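The chain contents come next:
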Amino acid sequence: MFNIKKFNEINDFLKKTSNTAKIVAISKNHPFESIKEAMSLGVKIFGENRVQEAKEKFQKIKQSNSEIELHLTGPLQSNKVKMALSLFDVFHTLDREKIAIEFSKHKDLLTNKKIFLQINTGKENTKSGIFPEHTKDFLFFLKNEMKLSISGLMCIPPIDEDPTYHFTKLRSLANENNVDELSIGMSDDYEKALEFKPTYIRLGTILFGKRN
């Protein structure tokens, strides 16, 4: 069951504090009925982690409802890039050269899409993303060689560390590289993320409950 009370509570807080962050309702692993319920309650921005699952849930919805905005918040396989570009509006997890090259092959599908570069601020072996010290060079490669427009930076802090440190690191990297937007904050740390004026916070469990 979608927690509309919590969704509205967070939205009201954003308005009261003049925070322009948008909530991405992470619907991955949740049934279509939950998405339909959320849509009926006015939710328009959803996040999915897998291209095929998202296609099964959202392809028809997006064809009939132009207000629905779909975000890819999980890793992208190179052989799924073209399909993903036809479905998603925002990509939060550009994390390696191979994916950038695939994006560059489909410039005609990139119009009005937003791309975030994923930074592995904790340098965790289990996580995707560019290491912080490689951000400048990789952004140069994306913008100048691949001719890709990068909207912002994204990170997922290590689960056992203070997220504020990692959000601060990401904001500094964004400022140093003239990148405006951040995608930070999930169900457990979104309140801290909001202090950094992100463009998006990605909320799953707090809105949809535990995943199946």
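Summarised in this report is the structure supplied together with it. (Residues numbered from 1 in each chain as written. Predicted model: local features only at pLDDT ≥ 70, side-chain atom pairs only at ≥ 80, totals over all residues. Heavy atoms only, no water.)

## Observations regarding the overall build of the protein
Part 1: Within the protein one finds nine helices and eight strands.
Part 2: At 17 Å, the protein has a C-alpha radius of gyration in line with the 17 Å of a compact globule built from 212 residues.
Part 3: Along the longest, intermediate and shortest principal axes, the C-alpha atoms of the protein span 45 × 35 × 30 Å.
Part 4: Among the 212 residues that make up the protein, the fraction classed as buried is 51%.
Part 5: Across the protein, the fraction of contacts at a sequence separation of at least 24, relative to all contacts at a separation of at least 6, is 58%.
Part 6: Carbon and sulfur atoms make up 47% of the accessible area of the protein, which totals about 10900 Å². (Helix = DSSP H or I, 4+ residues; strand = E, 2+ residues; numbered from the N terminus. Rg over C-alpha atoms; globule rule 2.2 N^0.38 Å. Buried < 20%, exposed > 50% of the residue type's maximum accessible area, 1.4 Å probe, protein only. Contact = heavy atoms within 4.5 Å. Areas by Shrake-Rupley, 256 points an atom, 1.4 Å probe, with all protein chains shown as cover.)

## Concerning the packing of helix 5 (residues 97-104) against helix 6 (residues 135-145)
Part 1: Helix 6 packs onto helix 5 with a crossing angle of 15° between their chain directions and a minimal axis gap of 10 Å. As far as their axial angle goes, helix 6 and helix 5 are roughly parallel. For the pair helix 5 and helix 6, the crossing hand works out as right-handed. Between helix 5 and helix 6, the contacting residues are Glu-97, Ala-100 and Ile-101 on the first element and Phe-138, Phe-141 and Leu-142 on the second. (Axes fitted to C-alpha atoms, helices over the stretch in contact; angles between N-to-C directions. Parallel < 35°, antiparallel > 145°, perpendicular 65-115°, else oblique. Left-handed = near helix turned anticlockwise from the far one by under 90°.)

## So, helix 3 (residues 51-64)
Part 1: If you check helix 3, its first and last C-alpha atoms are 19 Å apart, about what 14 residues at 1.5 Å a residue would give, namely 20 Å.
Part 2: If you look at helix 3, its biggest bend is around 50°, right at Phe-58.
Part 3: Taken as a whole, helix 3 has its buried residues at Val-51, Glu-53, Ala-54, Lys-57, Phe-58, Ile-61 and Lys-62.
Part 4: Among the structural elements, helix 2 (32-40), strand 2 (45-48), strand 3 (69-72) and helix 4 (81-85) are those in contact with the buried residues of helix 3. (Expected span 1.5 Å × (residues − 1). Bend = angle between axes of the 7 residues up to and from the residue.)

## Things to note about helix 1 (residues 4-16)
Part 1: The end-to-end C-alpha distance of helix 1, which contains 13 residues, comes to 18 Å, matching closely the 18 Å that a straight helix rising 1.5 Å per residue would cover.
Part 2: Lining the buried residues of helix 1 we find strand 1 (22-26), helix 8 (190-193), strand 8 (200-203) and helix 9 (205-208).
Part 3: Directly beyond the C-terminal end of helix 1, a positive phi value near 55° is found at Ser-18.

## As for the pattern of salt bridges
Part 1: Counted under the stated rule, the structure contains twelve salt bridges.
Part 2: Salt-bridge contacts for Glu-67 lead to Lys-44; the nearest nitrogen and oxygen are separated by 4.0 Å. Of this pair, Glu-67 sits in the loop between helix 3 and strand 3 while Lys-44 sits in the loop between helix 2 and strand 2, and the two are 23 residues apart along the sequence.
Part 3: Among the residues examined, Glu-67 registers a relative accessible area of 52% and is labelled exposed. (Salt bridge = Lys/Arg side-chain N within 4 Å of Asp/Glu carboxyl O.)

## Section: the side chain of Asn-120
Part 1: Tracing the backbone shows Asn-120 in the loop between strand 5 (114-118) and helix 6.
Part 2: Given a relative accessible area of 3%, Asn-120 falls into the buried group.
Part 3: For Asn-120, the side chain forms a polar contact with the main-chain oxygen of Lys-127, separated by 3.2 Å.
Part 4: The residues touching Asn-120, leaving out its near neighbours within four places in the chain, are Lys-127, Ser-128, Gly-129, Ile-130, Phe-131 and Pro-132. (Polar contact = N/O pair within 3.5 Å; in protein donor to acceptor, adjacent residues only side chain to side chain.)

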